[in-house]
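So you can see what is in the structure, the chains are spelled out below.
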Amino acid sequence: MSNDVTDYSVFNAMPTDYLRTLLSLDIRATSGVELDPDAIMHILEVIQSREANGGIAEAVDVAAAWKNFNEK
């Protein structure tokens with residue numbers, strides 16, 4: 001991911017854990033992930049709004065998550 005992301009709504013559909021991972025990768029110089037400040041703010045707002053809603057559980061595709069886990 002690079003600084004050319006202009007439609008931050010793509011982050012709205014991502015699971016919270018994935019958003020947290022993106023943020024953690026962004027702070028590592030060797031990760032290759034660079035988020036612009038507006039993207040970081042949008043991600044933080046999405047996470048904050050989800051947590052403010054009482055930690056409502058997100059729908060998770062278990063099969064896809066297991067496949068992703070095994071591949072990486």
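Residues numbered from 1 in each chain as written. Predicted model: local features only at pLDDT ≥ 70, side-chain atom pairs only at ≥ 80, totals over all residues. Heavy atoms only, no water.

Colleague: Help me understand the confidence of the model for the chain in this model?
Modeller: The predicted coordinates of low-pLDDT regions are not to be read in fine detail. When pLDDT is averaged along the chain, the result is 79; 81% of the residues meet or exceed 70. Mean pLDDT across the elements of the chain ranges from a minimum in helix H3 (residues 62–71), with 76, to a maximum in helix H2 (residues 37–52), with 90. (pLDDT = per-residue confidence, 0-100. Helix = DSSP H or I, 4+ residues; strand = E, 2+ residues; numbered from the N terminus.)

Colleague: How do you make sense of helix H1 (residues 16–26) when you look at a structure like this?
Modeller: Given 3.6 residues per turn, any residue in an α-helix points the same way as the ones three and four places further on. What H1 keeps buried is the set Thr16, Leu19, Leu22, Leu23 and Asp26. The buried residues of H1 occupy an angular sector of 115° when the element is viewed end-on, so they sit on one face. For H1, the elements touching its buried residues are H2. (Buried < 20%, exposed > 50% of the residue type's maximum accessible area, 1.4 Å probe, protein only. Arc of directions from axis to C-beta. Contact = heavy atoms within 4.5 Å.)

Colleague: How do you make sense of the pattern of salt bridges when you look at a structure like this?
Modeller: Oppositely charged side chains can pair when the atoms bearing their charge come close. Evaluation of the coordinates by the stated rule reveals 3 salt bridges. Taking the shortest distance from any N to any O, the salt bridge between Asp17 and Arg20 comes out at 3.8 Å. A residue pair is termed a helical-turn pair when its members lie 3 or 4 positions apart in one helix, as Asp17 and Arg20 do in helix H1 at 3 residues. On the basis of relative accessible area, Asp17 is assigned to the exposed category, the value being 58%. Residue Arg20 is classed as partly exposed on the basis of its relative accessible area of 38%. (Salt bridge = Lys/Arg side-chain N within 4 Å of Asp/Glu carboxyl O.)

Colleague: Which parts of the structure should I look at to understand the environment of Asp36?
Modeller: Within the secondary structure layout, Asp36 lies in the loop between H1 and H2. The spacing of Asp36 and Thr6 is 30 residues in sequence and 9.5 Å in space, taken between C-alpha atoms. Within the structure, the side chain of Asp36 is placed 2.9 Å from the backbone nitrogen of Asp38, a separation counted as a polar contact. (Polar contact = N/O pair within 3.5 Å; in protein donor to acceptor, adjacent residues only side chain to side chain.)

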